[in-house]
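# Analysis of the macromolecular model
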Amino acid sequence: MNFIFLGPPGAGKGTHAKLLSQKHGIPQISTGDMLRENIKRATDLGKQAQVYIDQGELVPDDLVIQMVEERLAQPDCQKGYILDGFPRTVTQAEALSKFARIDKVIDLVADTSVILGNLSGRRVCGNCGATYHTRRLNGATTCAACGGKLIHRVDDQPETILHRLEVYHKKTEPLIEYYKKADLIMDVVVESTIDHDFMLIEKALGL
Ligand code: AP5
């Protein structure tokens, strides 16, 4: 099965896509993680992407589309995948339809107050990329998985969060209508604990 996780920044796309991937053995394809990995390795793509990411802008469509098309051609994606953070524009969705068949789209619906709370307290491991929240860290400053230092993402600063939300409303929200027309979308309201929200997502996906 091929799934898309849509939703505003901080709604929990990465958190739930990772849980689903671990539990059901379906690869999580996160364009944000792939771009950050390119930045870490200082590739040409990473150098081009960093300027956009740090400012809360979307990376140009052609760069992201090519990256995803190449990734989905890998052997581990042949039995299914979870797209986390792609597509993010109608142009990306149209391109995707030419090289992939999508079975279901989960739209994570979250209140702005939930989004702001999730992003302002998010901490990520600078080494392995694991995600945490200050609500559950009890003051820890290193990663429980690898011991790496936990950092506050540059694009999780308050002004950049607000800009990312504006970009989401303008460029990504139209995808809700796009996938509604294709009769693929299921809304899941995320306003509870991770476990509870995850249960709702599995139910929506029929898993
Ligand atoms: P990306 O990394 O994809 O960022 P995003 O979409 O803005 O999403 P986030 O990672 O901020 O949030 P999330 O929904 O995954 O939330 P999370 O699970 O971490 O992209 C970064 C940038 O890359 C973009 O701005 C853009 O520049 C570029 N980019 C990426 N894809 C692109 C594309 N297709 N086209 C162009 N540019 C692209 O959760 C957040 C926090 O909340 C965590 O701390 C988590 O623990 C906590 N949390 C989540 N759910 C709950 C819950 N139910 N209860 C308690 N805590 C919770």
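In this convention, every chain numbers its residues from 1, walking through the sequence in written order. This being a predicted model, a pLDDT of at least 70 is required before a residue's local features are given, and a value of 80 or more before pairs of side-chain atoms are given or counted; all residues contribute to the totals for chains, interfaces and linings. In computing side-chain properties, one takes all heavy atoms of the structure into account and sets aside hydrogens as well as water.

### Topic: unusual backbone geometry
Note: most residues except glycine have negative phi, and most peptide bonds are trans. With an omega of 0°, the peptide bond running from Phe86 to Pro87 counts as cis. For Pro87, the location among the structural elements is in the loop between strand 3 (81-84) and helix 5 (90-99). Even without being a glycine, Ala42 presents a positive backbone phi close to 55°. Residue position: Ala42 is located in the loop between helix 2 (31-40) and helix 3 (44-55). For each residue, the accessible area found with a 1.4 Å probe, counting protein chains only, is set against the maximum for its type, and the residue is called buried under 20%, exposed over 50%, and partly exposed in between. Ala42 sits in the partly exposed class, given a relative accessible area of 42%. Only DSSP runs of H or I reaching four residues or more are called helices, and only runs of E reaching two or more are called strands; each is numbered from the N terminus.

### Some words on the site of the ligand
Here a residue counts as near a molecule or strand whenever at least one of its heavy atoms sits within 4 Å of it. Taken together, 36 residues are adjacent to the ligand, and Thr15, Glu57, Arg88, Arg122 and Arg164 come closest. The separation between an oxygen atom of the ligand and a polar main-chain atom of Gly12 is 3.0 Å. Distance and chemistry together define a polar contact, namely a pair of N or O atoms within 3.5 Å, with one atom able to donate a hydrogen and the other to accept it when in protein, and with adjacent residues in sequence counting only for side-chain atoms on both sides. Measuring from an oxygen atom of the ligand, one finds a backbone N or O atom of Tyr132 at 2.9 Å. Calculation on the ligand without its partners gives an accessible area of 1000 Å², and the protein chains cover 95% of this total. Secondary-structure elements contributing two or more residues to the shell around the ligand are helix 1 (13-24), helix 2, helix 6 (112-120), strand 6 (131-133), helix 7 (134-137) and helix 10 (194-205). For this classification, the nonpolar set comprises Ala, Val, Leu, Ile, Met, Phe, Trp, Tyr, Cys and Pro, the charged set comprises Asp, Glu, Lys and Arg, and every other residue, Gly included, is treated as polar. The residue makeup of the shell around the ligand, split by class, is 12 nonpolar, 13 polar and 11 charged. Exposure was quantified through the Shrake-Rupley algorithm and a 1.4 Å probe, taking into account, for residues, occlusion by the shown protein chains and nothing else.

### Examining the packing of helix 8 (residues 158-172) against helix 9 (residues 174-181)
For the pair helix 8 and helix 9, the least separation of the axes is 5 Å and the interaxial angle reads 35°. In this structure, helix 8 contributes Tyr168, His169, Lys170, Lys171 and Thr172 to the contact, and helix 9 contributes Pro174, Leu175 and Ile176. Its residues assigned to classes, the contact of helix 8 with helix 9 comprises 4 nonpolar, 2 polar and 2 charged. Simply put, an axis is a line fit to the C-alpha atoms, just over the touching stretch for a helix, and the angle between two N-to-C directions goes from 0 to 180 degrees. By definition in these notes, contact holds between two residues if any of their heavy atoms fall within 4.5 Å.

### Details of the packing of helix 2 against helix 3
Taken N-terminus to C-terminus, the directions of helix 2 and helix 3 make an angle of 115°; their axes are 8 Å apart at the nearest point. Judged by the twist between their axes, the crossing of helix 2 over helix 3 is left-handed. Only Leu45, Gly46, Ala49, Gln50 and Ile53 of helix 3 make contact with helix 2, whose side of the interface consists of Leu35, Asn38 and Ile39. Here the contact of helix 2 with helix 3 is composed, by residue class, of 5 nonpolar, 3 polar and no charged. Each helix crossing is assigned a hand: it is left-handed if the near helix lies turned anticlockwise from the far helix by less than a right angle, otherwise right-handed if that turn is clockwise.

### Digging into the state of the cysteines
Pairs of cysteine sulfur atoms within 2.5 Å are what we label disulfides. Scanning the model with the defined rule gives 0 disulfides in all. There is no disulfide at Cys146, and the cysteine sulfur nearest it, in Cys125, is 3.5 Å away.

### A word on the pairing of strand 4 (residues 104-109)
Pairing between strands is defined by DSSP: at least two bridges between the two strands are required. Strand direction decides the pairing type here: strand 1 (residues 2-6) and strand 4, joined by 4 bridges, are parallel. Across the sheet, Phe3 pairs through a bridge with Lys104, a residue of strand 4. In this structure, strand 4 lies alongside strand 8 (residues 185-189), joined through 5 bridges in parallel fashion. Its bridge partner lying in strand 8, Asp107 is registered against Asp187.

### Examining the side chain of Arg164
In this structure, Arg164 sits in helix 8. Look at Arg164 and you get buried, because its relative accessible area is 12%. Apart from residues no more than four positions distant in its own chain, Arg164 is found in contact with Pro9, Gly56, Leu119, Arg122, Arg153, Asp155 and Asp156.

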